[in-house]
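Next come the chains, spelled out residue by residue.
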Amino acid sequence: MIRSPDAGCEQVICNGLMEEGWVVVPDFLDSKTTAAIEAMLRTRWESGALRPAGIGRGRTFQVRPEIRSDQVLWVDNDAPPAPLKAYLESMETLRRTLNEQLFLGLHEYECHLTTYPRGSFYRRHLDRFADQARRQISAIFYLNPNWQASDGGELRIETERGVRSVLPEAGTLVAFRAADFWHEVRRARRLRLSVTGWFLSRPLIP
Ligand code: OGA
Ligand code: MN
């Protein structure tokens, strides 16, 4: 767990991904910016704008609440909600840094706003579709002030050194190589809010 905003969080993330393949950064954004994103997501959730998440893509897309029961709203990168702009700019800086330093060839970034209503979870999985390997790096930004261990909803990630738990505390960013780490979201006992995104490699040209 490292925090070093002035030295550039991007560098910390880069080093973590290079050395261990995963990284946790508390206080990735200042608390005011994080709270504004939280308020925006909460409003959208309350107005019914989120939809049950599925597994698979295109024709294999299915809603399977026994596997995942979160709800999502995809972000339009060309017209993002205003409070998300600073976060998207950080992701763009991170994308460039990862390309310069790790030669990952990350072409674009996609993300959705996510809610785990009380009682919901996401079973153990990898962040790659069976028919498409474009997702290179997963990055999740949490929005929940004062999250307690007793609230459940922790991310459990299987690393080389054992299973690690990450509490979805407001301001914390977690990133990992999408194809390499099995992970799950344990049942949340209170509404859990986040921004979930992926850096994608270029589409294959047939
Ligand atoms: C996902 C996921 C983890 C989290 O959406 O694919 O694994 O902590 N999310 O929200
Ligand atoms: Mn995942």
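Residues numbered from 1 in each chain as written. Chains lettered and ligands numbered in written order. Predicted model: local features only at pLDDT ≥ 70, side-chain atom pairs only at ≥ 80, totals over all residues. Heavy atoms only, no water.

> Would you mind showing me how to read the overall build of the protein chain here?
Of the regular secondary structure elements, the protein chain holds 3 helices and 11 strands. Ordering the α and β elements of the protein chain from the N terminus gives α-β-α-β-β-α-β-β-β-β-β-β-β-β. Considering the protein chain as a whole, with its 206 residues, one finds that 48% of them fall into the buried category. Partitioning the intrachain contacts of the protein chain with sequence separation of at least 6 by distance along the chain shows that 79% fall at a separation of at least 24. With the model as given, the accessible surface of the protein chain reaches about 10,600 Å², and the carbon-plus-sulfur share is 49%. (Helix = DSSP H or I, 4+ residues; strand = E, 2+ residues; numbered from the N terminus. Buried < 20%, exposed > 50% of the residue type's maximum accessible area, 1.4 Å probe, protein only. Contact = heavy atoms within 4.5 Å. Areas by Shrake-Rupley, 256 points an atom, 1.4 Å probe, with all protein chains shown as cover.)

> Could you clarify how one ought to interpret the coordination of the manganese ion (ligand 2) in this entry?
Every protein donor of the manganese ion (ligand 2) is accounted for by His125 (NE2), Asp127 (OD) and His183 (NE2), and the metal-donor separations fall at 2.1 Å. Written as a sequence motif, the donor residues of the manganese ion (ligand 2) are H-x1-D-x55-H. A residue pair is termed long-range when its members are at least 10 positions apart, and His125 in strand 5 (residues 122-125) and His183 in strand 10 (residues 183-185) qualify at 58 residues. Of the two residues, His125 and His183, neither departs from the other in class, the shared state being buried. (Donors = N, O, S within 2.8 Å, 3.2 Å for Na, K, Ca; no water.)

> Please explain the environment of Pro26 as it appears in this structure.
Looking at the secondary structure, you find Pro26 in the loop between strand 1 (22-25) and helix 2 (31-46). On the accessibility criterion, Pro26 (24% relative accessible area) is partly exposed. Here the alpha-carbon distance between Pro26 and Glu169, two residues 143 residues apart in the chain, equals 8.2 Å.

> Explain the site of ligand 1 to me, please; I cannot follow it from the model alone.
Surrounding ligand 1, one finds Arg68, Tyr122, His125, Asp127, Ile140, Tyr142, Leu155, His183, Val185, Arg192, Thr196 and Trp198. Between ligand 1 and His125 there is a distance of 3.1 Å, counted from an oxygen atom to a side-chain nitrogen or oxygen. Arg192 is positioned with one of its side-chain polar atoms (N or O) 2.8 Å from an oxygen atom of ligand 1. Coverage of ligand 1 by the protein amounts to 99% of the 290 Å² it exposes when considered alone. Secondary structure elements with two or more residues in the shell around ligand 1: strand 5, strand 6 (135-142), strand 10 and strand 11 (192-201). The dominant element in the shell around ligand 1, judged by the number of residues it contributes, is strand 11, at 3 residues. Residues belonging to the shell around ligand 1 are distributed by class as follows: 6 nonpolar, 3 polar and 3 charged. (Near = heavy atom within 4 Å. Polar contact = N/O pair within 3.5 Å; in protein donor to acceptor, adjacent residues only side chain to side chain. Nonpolar A, V, L, I, M, F, W, Y, C, P; charged D, E, K, R; others polar.)

> Explain the sheet that holds strand 3 (residues 71-74) here, please?
Pairing between the strands of a sheet comes from backbone hydrogen bonds, and it takes one of two forms, parallel or antiparallel. Taken together, the 7 strands give an open sheet; going across it, the order is 1-9-6-11-4-3-2, and neighbouring strands pair in antiparallel fashion. Among the strands making up the open sheet, the edge pair consists of strand 1 and strand 2 (51-52). Where strand 4 (residues 106-116) and strand 11 come together, 10 bridges link them in antiparallel fashion. The partner of Cys111 across the bridge, within strand 11, is Gly197. Contacting strand 1, strand 6 and strand 9 (173-177), helix 1 (residues 9-19) crosses the sheet at an angle of about 150° to strand 1. (Pairing = 2+ DSSP bridges. Axes fitted to C-alpha atoms, helices over the stretch in contact; angles between N-to-C directions.)

> Would you mind going over the confidence of the model for the protein chain with me for this structure?
Caution applies to low-pLDDT regions: their predicted coordinates should not be interpreted in detail. For the protein chain, the mean per-residue pLDDT works out to 93, and 96% of the residues sit at or above 70. Across residues 1-6, where pLDDT falls below 50, the model places 9 contacts with residues more than four positions away in sequence or in other chains. (pLDDT = per-residue confidence, 0-100.)

> Any chance you could explain helix 1 here in plain terms?
Along an α-helix, a turn takes 3.6 residues, which lines up residues three or four apart on a common side. Along helix 1, the residues that are buried comprise Cys9, Glu10, Val12, Ile13, Cys14, Gly16 and Leu17. On its buried face, helix 1 is in contact with strand 1, helix 3 (85-102), strand 6 and strand 9. Of the residues one or two after helix 1, Gly21 is the one with positive phi, at around 90°.

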